[in-house]
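Analysis of the macromolecular model
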Amino acid sequence: FEDIDLTRTDYSIADPDRVLGPTSVIESSVSAFIPGIGALYRLNDNWRLLAGVNEGYNPPAPGSTADEESSLNFELGTRFANDALNFEGIYFLNDYDNLVGTVTASTGGGGEIGDQYDGGAVIVQGFELSVSSGWNNLGNAGLSIPVRVNYTWTTEAEFHSAFASEFEPWGNVQVGDELPYMPEHQFRAMAGLEAEVWTVNIAASYIGEMRDTAGQGAIPANELIDAHVVWDLMGNWRMTEAFSTYVKVDNLFDEVYVASRRPAGLRPGLERTAYVGVTFGF
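Cut-offs used in this document
Residues numbered from 1 in each chain as written. Predicted model: local features only at pLDDT ≥ 70, side-chain atom pairs only at ≥ 80, totals over all residues. Heavy atoms only, no water. Helix = DSSP H or I, 4+ residues; strand = E, 2+ residues; numbered from the N terminus. Buried < 20%, exposed > 50% of the residue type's maximum accessible area, 1.4 Å probe, protein only. Contact = heavy atoms within 4.5 Å. Lys, Arg positive; Asp, Glu negative; His and termini not counted. Charge placed at Lys NZ, Arg CZ, Asp CG, Glu CD. Core = buried A, V, L, I, M, F, W, Y, C linked by side-chain atoms within 4.5 Å. Phe/Tyr/Trp six-rings, centres within 6.5 Å; stacked < 30°, edge-to-face > 60°. Lys NZ or Arg CZ within 6 Å of the ring centre and 35° of its normal.

**Focus: the overall build of the protein chain**
When its secondary structure is counted, the protein chain shows zero helices and 21 strands. Oriented by its inertia axes, the alpha-carbon framework of the protein chain measures out at about 70 × 50 × 45 Å. Counting over 282 residues, the protein chain shows a buried share of 33%. Residue pairs at least 24 apart in sequence account for 53% of intrachain contacts in the protein chain once pairs closer than 6 positions are excluded. With 14 positive and 40 negative side-chain charges, the protein chain shows a separation of 9 Å between the mean positions of the two kinds.

Structural data, given as structure tokens:
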């Protein structure tokens, strides 16, 4: 059960120092009962079956004309684990009674920042798979090679309501239109080399093609976000029990790709970016 008090305070853009105080203060209160249940069944020492049903809820913002976002979320799957391998396979289904779109500074969408729009009934379903393994103490040298793979296949992400929306990523929606910015395939693979005091990991992330605006069929060229692969690298060295140093490189090969077409046209993905740091734990 959640009981939420919300306050929205607006100021004039002509008063950047806010010396004149707020132009409006909007308050609202909402409460919701959000049930969920999960079950886990042990088949044997290695295999588990799992299932869950959970209600989803997101309250409307103060002053919003949109309804609350509500959904019923299901998952069903299995897990396997032994000394050498871990595996998990999950089927998921998110059944929205009402999906809400919100205008933000980074996503755009028309209207004012904070405006919300009803998207009606939406179904999102698919499969999530993860596998991790490793080889330990290779050649009695104290080296290990951890490997992990994650894959998400979204088999459906569609509107089940027809409507005309002022929220630009949706527009005039027909039943069966696909959600924008929802790739069918997402994949990440990581492999590393670990010693007693240092580790090095390299990872590749794949994001499938996406559409910028709700629709069906082939994606128009001016609404297409192409699939892309980005590689990352990270290493760290433990100097003492408390101090470690690390180096992290995002987009190792400086891949040039489109991350989004909103809020103001083509937006490039992050170029090669390196970080060097020190961590301290106690």
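Back to the text.
**Considerations on the nonpolar core**
Counting residues in each nonpolar core, the largest one holds 15 residues, and the members touching the most others are L99, V122, V124, F159, W170, V173 and L179. Non-local contacts of F159, meaning those with residues more than four positions away in its chain, are made with G119, A121, V122, W170, V173, Q174, V175, G176, D177, E178, L179 and A214.

**Describing unusual backbone geometry**
Of note, the bond from R262 into P263 is cis; its omega dihedral lies within 30 degrees of zero at 10°. Here P263 shows up in the loop between β19 (258-260) and β20 (267-268). Of note in the backbone geometry, R18 takes a positive phi value of approximately 60° without being a glycine. Non-glycine residue D254 carries a positive phi angle of around 55°. Assignment of secondary structure puts D254 in the loop between β18 (243-250) and β19.

**Remarks on the packing of aromatic side chains**
Scanning the model with the defined rule gives eleven aromatic pairs in all. Judged by centre distance (5.5 Å) and plane angle (55°), the ring pair of Y91 and F127 falls under tilted. In this pair, Y91 sits in strand β6 (residues 85-98) while F127 sits in strand β9 (residues 122-138), placing the two residues 36 residues apart along the sequence. On the basis of relative accessible area, F127 is assigned to the partly exposed category, the value being 35%. When the centroid spacing of 5.7 Å and the interplanar angle of 70° are considered together, the rings of F159 and F163 count as edge-to-face. Like F159, the residue F163 is buried in the burial classification. Sitting over the ring of Y11, R18 keeps its end group 4.0 Å from the ring centre.

**Quick look at the environment of W153**
With respect to the secondary-structure elements, W153 resides in strand β10 (residues 143-159). Exposure remark for W153: the relative accessible area of 35% places this residue in the partly exposed category. Between the alpha carbons of W153 and Y91 there is a distance of 9.6 Å; along the sequence they are 62 residues apart. Ignoring anything within four residues of it in the chain, the contact list for W153 reads Q125, G126, F127, E184 and H185.

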